[in-house]
Each structure stands twice: as C-alpha cells, then as structure tokens.
Amino acid sequence: MTDAVADLPADTGASRKAGQFLYGASVVLLCAWVIVPLYFLLLNTLSSPEEVNSFPKSFLPHFDLGSLTFFANFQGILRALWNSVLVAAMTMVMSIVIGAPAGYALSRFEFRGKEAFRLLILLTRAFPLPLLALPLAVLFIRTGLDDTAFGLALVHTTLAIPFAVLITFSLFSGIPIELEEAAWTLGCTRFTAFTKVVLPLILPGITASAIFAFVISWNEVFAAAVLTIENRTLPAFLLQTLGEAPLHLKFAGGFILVVPALIFIFAVRKYLFAMWGIANR
Amino acid sequence: MTRMTHFAGAVSGLALLVSTAAVQADVLFWSTQARPVEEAQAMRQDVLSGFDETVDYQPNEDGPWLTRLQAELQAGSGSIEVLGALHGNFSAIDPESLVDLDDLGVSASSETFNTLARLGTDNMQYIPWMQATYIMAANKEALPYLPDGADINALTYDQLIEWAANVHEGTGSPKFGFPAGPKGLKHRFFQGYLYPSYTDGVVRTFASPEAVTAWEKFGELWEHTNPSSTNFSFMQEQLLSGDAWIVFDHTSRLAQAFNERPDDFVAFPAPAGPTGRGFMPVLAGLAVPATAPDMDAAKALVSYMLAPETQLKTLQATSFFPVVDVELPDDLPASVQASGAAIAAMSGAPDANPGLLPSGLGDKGGDFNRVYVDTFERIILARQPIERVLEDQKRRLSAIMEETGAPCWAPDAPSEGACPVE
C-alpha cells in the first residue's frame, strides 16, 4: 500500500509526459496530414516530367517551370479562373444572405413544421447533380440563365444553403436571447439589436459557412460543365482535361486549382480562428 | 453598417460583371475526344486555328457532354455547332436529332466506317473523323526475356504468357500491365482481342468452351500481371515509371511514353490465339446537332476537319490516324511512328482477325461493356468458377441483345435479327 502511494507522483509525471507526447504526436500527424500532400503537389509541380516519374524524390524541387509555363499559355485559363472566383463569390453572398436569416428564424421562432423544415433543407443534397443537371439545363436555356455566372451561382447556392442554415442555426442558438432582449430595453430595434449585438458575435460562424459555400462552388464540376459554355469555371475547364493528362501536368493543374482556394482560406483565417477563441479581433 | 454597405457594393459590382460577360459567337466544337490538356491545346493551336472562323474547342467527359447535348435538344435551341465523339457516343443518341450529312460530299475511305456512321439509317448521321486502335508496348529491358524463337511482331498468347512469366521470374516482380483501373479500357481487350482470338466471335461465342479456354489463359497471364493493374488506366504512366514492362492499351494512351523516351520502348501487334490475331478499331466521328445555331459554319467545319492537311495535323495533335487517304510525312512524332508500324504489322499479319466496334446497341452500349467487365471481375479478381460466371452473364448479354435487336458484327457470323448468344 505504502509503496503504491509513494509511486503515485512518479506515475502522474510519467503519464503527463506520455500525454504530452501523445498531444505532440497528434499535432504533428494532423499537420502532416494537410501539409505533406500539398508539399508533394508543389514539389511535382516544380519538377521536370522525368523527375515526376522517377523515385525517390529529391527533397527540394529543381524549379523546372515547364509544367507551369504550359498552363500560363493555356488558352482561356485566366478567364476560367475569373469566372470561378465570380461564381464562388456570388455563391458565398447568396448562401449567407438566404441562409443566415433562415438559421436565425429556426433558432428564435417557433413555427409549425420546424423540425420537418430542418430535415427537408438537407434534402437538396440528396439528389445527385447529374440527375438534376438535364432538367436544369433545359430550364436555364429557356429562361436565358444558361451560360451565365449568375445561373451557375444559383445552383451552387442551392448546394451550399443547407450548410449555411445549419451552421448559423447552431450559432444563433448558442447566443442567449437575453442579450438581444437587453439590447431592446436599451433602445435598439429588433434589427439594430441584431446588427449591433448578435452579428459581431456570429461573424466567425458566418465566415465558416462562407468558406463552405466557397469550397462547394470551387469544387463543383458537373453542373459547371453542363450549364456553362463560354463562361466556364476553372474546375469545369481544367478538371475534365486533367483526368487523362500526363502526370506532371496533372500535378501542375492540381496546384493551379488548389492555390486560389488556399489564398482565400488564408485571407479569412482570422475570422475562423476567432470562432475557436484562439485569437481576438 | 459599413459592412452592409460593403456587401451591397460587392453585390452590385458582381451584377455588373455578370451582365458584361456574354455575346461571343465562336463556332462551338463540343467533343469527347482529345481531352488531355496537351491534346486539347494542340487541337486549338494547330488544328483548328486554320479554320476561317474562330473555333471554341471544348473537350468534355461523356456525362456532361451528353447531358448538355440532350438539354439543348429538349430546349429546342442550342449553342453547340459541331459534335466530336466516339462511335459509341453517337449510337446512344437518337439519329433524328443529328443532321444528315450526306450532302457534304466527304466521307471515310473505308466503307465499313461509313456504314457504321449511318447508325442503322439510310443517311450519314456523323462523318468518320479519325481512328485509332489498341496495341501492345514494352520496355526494351523486357526484350531479353522473350521466349526462344518468339517474333515480337507475331506473338501468340502462349508466348506472351511465357514472356511475362520469364520477366516475373527474372526481376522478381510481375511486370505485365493491364488497364483494369476505373477509367481503363479493359472491356475493349475482351471484346476486340481476347474473344476474337480464341472464339472467333464476341456475342455468339460468349459462353462457348473456347471462351472458357480464353479466360483460363487470361488467368494465367494475370498471374504475371502487376496486381496494381486494377488502378491502372493509362499505361503510358506505368511504362514511364517502370511499374509495368509489357502493356496493352489504346494508342493514344501510350503516346506519352514514346514521345518522352522514344528509345526506351517498342510498340508491337497484339498477340494471336487459335482463331487468329483479333484486334478492334476505334472510330471517332463528327456530327451536327439539329439545334446548331449556324448550320453553314458547322458543316464547313466538318468539311475542314476531313481535309487531308487537317487530318495530318489532327494525327500529330491526338495520335489518332486519318480516315481519308493521306500520304504520311516522315517527321511525325515518335508515338505516331511507333504505333503506326505496330498497327500496320497487326492489320497486315496473315492471321489478322479484325473485329468491328459493337453496333446497334443504342444506349445499351454501357450495359454491354458492363457484362464483360463484370465477367472479368468475377472470374479473374474474385476467382469464381469460369463456367458458372459465363452462364450467369450469358443471360444478361442475351437480354441486352434481344432488347436492342442488334444484329451480329464481325468477327461473329452475321445473324438475322438480334445476335444470339449460343
């Protein structure tokens, strides 16, 4: 018994050490999970075709810009990039403008069919796009929405809205209604209470759902390939032709697809971190 | 509040941009071919730049390609001027929705191709555009392992198996590569090479005793096949990386290997079995949908694509061969020279047994391919008894043939009515 008691401090020291090791290892693993594929993408993008096919790889690339130059001269790529940004931006704005009020209503008001509504909103994701694309394209051609960035953004917004609604719903639910009520008693209207008190609190959540919307739009290929012709988005323009391209061009093309998304997420990261309480604005 | 005004500004700015991006009347070339980036680029820069009007060349995967076309046909107005696709893509479309192209006065030099292009009607529904086929290629390091007395340009399946076994034994790893990946064209090997070479048929002989032998032989070859083959779709990649030394694939899916390292690889004909050296062409065609906005420009583009000079440029851009008579120059890319020689040896072989593309299946072409892929997966990957699998799959194949009423095509003997599975 006494022995066991004497051992205790040493034990906790050892287990704390083990815990720290586990913590550190998890951090390293998670970082590697994200960074290693990106690193190989970059490495192979900056390598000559021979190096891409050879193994083992050198740790530092040789800065062979052949693959990237190919894409720089690729007809229409800048326009496609611009269209992608445009569609993604519109998707972001529309899914927030429509999704956030829906999330607010779900968390603050009681109405009939609320539970059913919460479930139904997920159903927009239940139908595969290849199934919807044909009737959508027919409708778009007839209404003149065909081949416009706005038309495509509408489709992407539909895909992004469930996320926007559910994310903002849980955020609004996390903010006590008393805060709003206090603001009302201090002279705010329902609207100003929302903009002055609630909105700043949920801004990180809005950012998160905006990122979701951005990524959904950025990655979507099928609808983009069917609904746009001259105003193609980058994935519709590149992804289909990359599937069968030589390996070094696959890497370079993948790199080009990834970089704008990375830049965007990097730019909005401080709002995301704020949500988890890491940084204060 | 400032945030809100920013928002509003952004939205109105976007709206402005949307309204300005439009109005551009290029000839839209909607294609399932020449998809790889380099080929698409070459199509735009070298092949289509010579046409009088600006051509917007858009390569697509089969799904979006067909969906968009159907949408335009249903909506009754479209932007697609010219369609470029494989025979199989066109046979899945209602011939009524394609403009008859007889009055253009251009056609392939092969009457077989022109017949295929009528899609079972009396008129040309599409114009044959370019052709390719499947061949074998090997790393030169594999050549010393060739069995004694084997001629690489006249191999038999038994010699191929022995060769693959020798390489396996010599290097310690299986080096035969087969495009059995999700995007690989494995079904064409069974339909156009294995079955014709062993059974002199594709549909009639599907479950014959000879077919059992064919699958047994393929099973033997599989013993010496790189097990990662179920991930391989473009054998040029495995040739270049050294994961496979002896491979079978579509000529354009081998092209990169020859173009990058022409001295390291050889191309050679597909092997022969008891009933000859089976092989199958790939045929791509050009069509004009009924909804094309500028019919004259569309037809002019089709004629332009069939001109001998354009056909040569297309060959250089895509490694697909001309369908009209053209004098081939000497300065062709390495891949074209290598595969051209192999194709010539294959079609000129005394035991050549050329097959045709499946025809008359309409939109059941995919189901037809599925039968062969499933048979492969059950027999070779899941190691189920050959006879039982063939009996099972035979029923599905029969059902497809009866439903579509497709008559037999070579090398099967002609049939009256639907091709029977015997």
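Residues numbered from 1 in each chain as written. Chains lettered and ligands numbered in written order. Predicted model: local features only at pLDDT ≥ 70, side-chain atom pairs only at ≥ 80, totals over all residues.

Peer 1: Hey, could you go over the overall build of chain A for me, with residue numbers and the actual values?
Peer 2: Within chain A, the secondary structure is distributed over 13 helices and zero strands. Counting from the amino terminus, chain A carries its helices and strands in the arrangement α-α-α-α-α-α-α-α-α-α-α-α-α. A compact globule built from 281 residues should have a C-alpha radius of gyration of about 19 Å, whereas chain A, at 25 Å, is more than 25% larger. Taken across its 281 residues, chain A has 34% of its residues classed as buried. Within chain A, counting contacts between residues at least 6 apart in sequence, those at least 24 apart form 75% of the total. (Helix = DSSP H or I, 4+ residues; strand = E, 2+ residues; numbered from the N terminus. Rg over C-alpha atoms; globule rule 2.2 N^0.38 Å. Buried ≥ 20, exposed ≤ 12 C-beta atoms within 10 Å, placed from the backbone. Contact = placed C-beta atoms within 7 Å.)

Peer 1: Which residues make up the overall build of chain B, and what values go with them?
Peer 2: When helices and strands are tallied, chain B shows 15 helices and 11 strands. Compactness check: chain B gives a C-alpha radius of gyration of 23 Å against a globular reference of 22 Å for 422 residues, within 12% of the reference. In terms of overall dimensions, chain B has a C-alpha envelope of 75 × 55 × 50 Å along the principal axes. Looking at the 422 residues of chain B, the share that counts as buried comes to 52%.

Peer 1: Report on the domain arrangement of chain B, specifying residues and quantitative values.
Peer 2: Residues and elements named next belong to chain B. On domain assignment, one finds that chain B holds domain 1 (20-131 + 282-331) and domain 2 (133-281 + 352-404). Computed over C-alpha atoms, the centres of domain 1 and domain 2 are 29 Å apart. Between domain 1 and domain 2, the contact holds 13 residues from the first and 14 residues from the second. When contributions to the side of domain 1 that touches domain 2 are tallied by element, the ones reaching two or more residues are α4 (87-91), α5 (111-117) and β9 (281-287). Among the elements that make up the side of domain 1 that touches domain 2, the one with the highest residue count is α4 (three residues). Taken together, the residues of the side of domain 1 that touches domain 2 sort by class into five nonpolar, eight polar and no charged. (Domains from an automatic or database assignment. Nonpolar A, V, L, I, M, F, W, Y, C, P; charged D, E, K, R; others polar.)

Peer 1: Hey, could you go over the pairing of strand β4 (residues 127-139) of chain B for me, with residue numbers and the actual values?
Peer 2: Residues and elements named next belong to chain B. Judged by how many residues are buried, β4 sits mostly within the fold: 13 of 13 residues are covered. By the bridge criterion, six bridges tie β4 to β9 in an arrangement that is antiparallel. Among the inter-strand pairings, P128 is bridged to a residue of β9, identified as G285. In terms of strand pairing, β4 meets strand β10 (residues 321-322) through two bridges, oriented antiparallel. Across the sheet, the residue bridging to Q131 is F321, located in β10. As paired elements, β4 and strand β7 (residues 265-268) share four bridges and run antiparallel to each other. What sits directly across from M136, in β7, is F268. (Pairing = 2+ DSSP bridges.)

Peer 1: Explain the nonpolar core to me, and be specific about the residues and the numbers.
Peer 2: If you look at the biggest cluster of nonpolar residues, it comprises 190 residues, and the most contacted ones within it are A137, I246, L301 and V302 of chain B. Ranked by residues supplied to this core, first place goes to helix α7 (residues 149-174) of chain A with 13 residues. Setting aside anything within four residues of it in sequence, one finds V302 of chain B in contact with V82, L101, L104, I127, L286 and V288 of chain B. (Core = buried A, V, L, I, M, F, W, Y, C linked by C-beta atoms within 7 Å.)

Peer 1: A description of the packing of helix α11 (residues 234-242) of chain A against helix α12 (residues 247-267) of chain A should follow, citing residues and the corresponding values.
Peer 2: Residue and element names in this part refer to chain A. Across the interface, α11 lies against α12 with an axial gap of 10 Å and an inter-helix angle of 160 degrees. In terms of orientation, α11 and α12 fall into the roughly antiparallel class. Between α11 and α12 lies a crossing of left-handed hand. Along its contact with α11, which presents L234, P235, L238 and L242, the element α12 presents K250, G253 and L257. (Axes fitted to C-alpha atoms, helices over the stretch in contact; angles between N-to-C directions. Parallel < 35°, antiparallel > 145°, perpendicular 65-115°, else oblique. Left-handed = near helix turned anticlockwise from the far one by under 90°.)

Peer 1: Could you give me a rundown of the interface of chain A and chain B, with the residues and numbers involved?
Peer 2: Taken together, the contacts link 34 residues of chain A with 38 residues of chain B. Secondary-structure elements contributing two or more residues to the side of chain A that touches chain B are α2 (49-53), α4 (77-108), α6 (129-143), α7, α10 (222-227), α11 and α12 of chain A. If you tally residues by element for the side of chain A that touches chain B, the top one is α6 of chain A, at seven residues. Across the side of chain A that touches chain B, the residue classes break down as 23 nonpolar, eight polar and three charged.

Peer 1: Tell me what's going on with the confidence of the model for chain B, and back it up with residues and numbers.
Peer 2: All names here are of chain B. For chain B, the mean per-residue pLDDT works out to 88, and 94% of the residues sit at or above 70. Put simply, helix α1 (residues 2-20) is where chain B has its lowest mean pLDDT, 45, and strand β5 (residues 176-177) is where it has its highest, 96. Every residue in residues 1-5 is under pLDDT 50, and counting partners more than four places away or in other chains gives one contact. Confidence drops under pLDDT 50 across residues 7-24; counting only partners more than four residues distant or on other chains, this segment forms 12 contacts. Both scores are available for the predicted complex, with the pTM at 0.79 and the ipTM at 0.77. (pLDDT = per-residue confidence, 0-100.)

Peer 1: Quick one: what's the story with the confidence of the model for chain A, residue by residue and with numbers?
Peer 2: Residue and element names in this part refer to chain A. The pLDDT averaged across chain A works out to 83; a share of 93% of its residues lies at or above 70. By mean pLDDT, the top-scoring element of chain A is α4 (90), and the lowest-scoring one is helix α13 (residues 269-275) (65). Ignoring residues within four places in sequence, the model shows residues 1-6, a span with pLDDT below 50, making zero contacts including any to other chains.

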